[in-house]
Amino acid sequence: MTTITLTDRKNAAISRGVGMTTQIYADRAENAEIWDKEGRRYIDFAAGIAVLNTGHRHPRVIAAVKDQLDHFTHTCHQVVPYESYVHLAERLNALTPGNFAKKTIFVTTGAEAVENAVKIARAATGRSAVIAFGGGFHGRTFMGMALTGKVVPYKVGFGAMPGDVFHVPFPIEMHGVSLEQSLAALKKLFAADVDPQRVAAIIIEPVQGEGGFYPAPVAFMKALRELCDQHGILLIADEVQTGFARTGRMFAMDHHEVAPDLMTMAKSLAGGFPLAAVTGRAEIMDAPAPGGLGGTYGGNPLGIAAAHAVLDVIKDEDLCNRANQLGSRLKQRLESLRDKVPEIADIRGPGFMNAVEFNDKATKLPSADFANKVRLIALEKGLILLTCGVHGNVIRFLAPITIQDNIFVEALDILEASILQASAGK
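Being a predicted model, the structure only gives us computed values, none of them experimental. (Residues numbered from 1 in each chain as written. Predicted model: local features only at pLDDT ≥ 70, side-chain atom pairs only at ≥ 80, totals over all residues. Heavy atoms only, no water.)

This paragraph deals with the overall build of the protein. A count of helices and strands for the protein gives 13 helices and 15 strands. Taken over C-alpha atoms, the radius of gyration comes to 21 Å for the protein, in line with the 22 Å a tight globule of 426 residues would show. Seen through its C-alpha atoms, the protein measures out along the principal axes to roughly 60 × 55 × 45 Å. Expressed as a percentage of the 426 residues in the protein, the buried residues total 56%. Nonlocal contacts in the protein, meaning residues at least 24 apart in sequence, comprise 71% of its contacts between residues at least 6 apart. A total accessible area of about 17,700 Å² is found for the protein, and carbon and sulfur atoms account for 53% of it. Counting 43 positive and 45 negative side-chain charges, the protein places the averaged centre of each group 3 Å from the other. (Helix = DSSP H or I, 4+ residues; strand = E, 2+ residues; numbered from the N terminus. Rg over C-alpha atoms; globule rule 2.2 N^0.38 Å. Buried < 20%, exposed > 50% of the residue type's maximum accessible area, 1.4 Å probe, protein only. Contact = heavy atoms within 4.5 Å. Areas by Shrake-Rupley, 256 points an atom, 1.4 Å probe, with all protein chains shown as cover. Lys, Arg positive; Asp, Glu negative; His and termini not counted. Charge placed at Lys NZ, Arg CZ, Asp CG, Glu CD.)

A surface patch of nonpolar side chains, amounting to about 260 Å² of accessible area, comprises Val151, Val152 and Val156. One can find Val156 in the loop between helix H6 (142–147) and strand S6 (165–168). (Patch = residues over 30% accessible without salt bridge, like charges linked within 9 Å, V, L, I, M, F, W, Y side chains within 5 Å. Salt bridge = Lys/Arg side-chain N within 4 Å of Asp/Glu carboxyl O.)

Let us now look at the pattern of salt bridges. Overall, the coordinates contain 20 salt bridges when judged by the stated rule. Of the charged contacts, one joins Glu335 and Arg338 as a salt bridge, the two residues approaching to 2.7 Å between their closest N and O atoms. With a relative accessible area of 37%, Glu335 lands in the partly exposed category. Shared partners join several salt bridges into a network, and the residues in it are Arg225, Asp229, Asp261 and Arg281.

Another aspect to go through is helix H8 (residues 218–231). Taking 1.5 Å of rise per residue, the 14 residues of H8 would be expected to cover 20 Å, and the 20 Å separating its terminal C-alpha atoms lies within 8% of that figure. Within the sequence span of H8, burial applies to Phe220, Met221, Ala223, Leu224, Arg225, Leu227, Cys228 and His231. Looking one or two places after H8, you find Gly232, whose phi comes out positive at around 70°. (Expected span 1.5 Å × (residues − 1).)

Within a beta sheet, neighbouring strands are joined by backbone hydrogen bonds and run either parallel or antiparallel to one another. With mixed pairing, the seven strands of this open sheet are ordered in space as S4-S10-S9-S8-S7-S5-S6. Lying at the two open borders of the sheet, with one neighbouring strand each, are strand S4 (102–107) and S6. Each neighbouring strand pair of the sheet contributes to a mean axis angle of 20°, computed without reference to strand direction. (Pairing = 2+ DSSP bridges. Axes fitted to C-alpha atoms, helices over the stretch in contact; angles between N-to-C directions.)

Take unusual backbone geometry next. Along the chain, Val152 connects to Pro153 via a cis peptide bond; the corresponding omega equals 5°. For Pro153, the location among the structural elements is in the loop between H6 and S6. The phi torsion at Ala47 lies on the positive side, around 55°, for a residue other than glycine. With respect to the helices and strands, Ala47 occurs in helix H2 (residues 47–50). Despite not being glycine, Phe244 shows a phi value in the positive range, around 65°. Residue Phe244 is classed as buried on the basis of its relative accessible area of 1%.

As structure tokens, this is what we get:
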């Protein structure tokens, strides 16, 4: 079965709304490598969009799921509960930042976690408004789209978004938005558009994902916490992409001096199996009435088993430290190219949640064309990369933290060659 044939079948059978970054059809995968249906091997620096921090098919994750398969695959926790769900909730309650009593619920996707976090915040505060940030991404459900701070491709053509959602600029110094300006925009919003006493929550990614891998400044997060406390607003940290050792700490909020009231998690929580969670202050999490939260597949036993294994691997293989080491090596390699590649505008990111941003060397404006050129050259050489950013001019790096050293070096060589080739115009 050739890639061309599969692409024809895909085009005939699947909605065009399901975009595809590559035309690679996976046949098998192991840790940081994928082989397609034609037998070609690729190094995976996308990891299913930050889902595989522990790599493709980590042996301990596979063993845990196989063991669960021998017991049961589904009961619906709301009908017949199981101890593994309870235990994973206990583990997340202990691992997430904040020295206070916490509770957890499990759902299936990151968007569903965000939806439930908003529901919980509204139930706990009796308020309806929610504030998010430009460039933020929170999912493709209607509330997720409303919160997301980017129109194309996420909102275009889908009509009116849910009401009582407001946006302010995210502080990005290199794009002319200072911490002070972002805070001033919040205060202006309170003066002109929404009474802070009507705001249930402010939701923020500690490091923007789709928006371009921009970390929230420590001082900004502290100011948000103070502002929320002043007005009785809940602070929601969306850690769907940043969680589980990616930033060099278990969670990105561990880099900050303050804790959120609610946290959303998904992606790498279960090593490739669909599982998401909301963890937060116990009294806030208990605000919805029984039956107000849940879902048929929420906390599926296979995903729960995988998540227990993921947490064990992160601890036993010291993946937080490994993320810091890999990210440092990646950024050093990129820094070594600055003098040769005038298109490089910025290199950034905590831990192994790294990005390089490109501008046109003549105009100094964001260049999505250059970023995509690098991506396509790298793909031809066998390295899978993802772009991101409001302007599409950022390449983000999300390789498994478990990637072997020799494969990591091979990937860095391909990346360097691809950037140099793109800059030379070849």
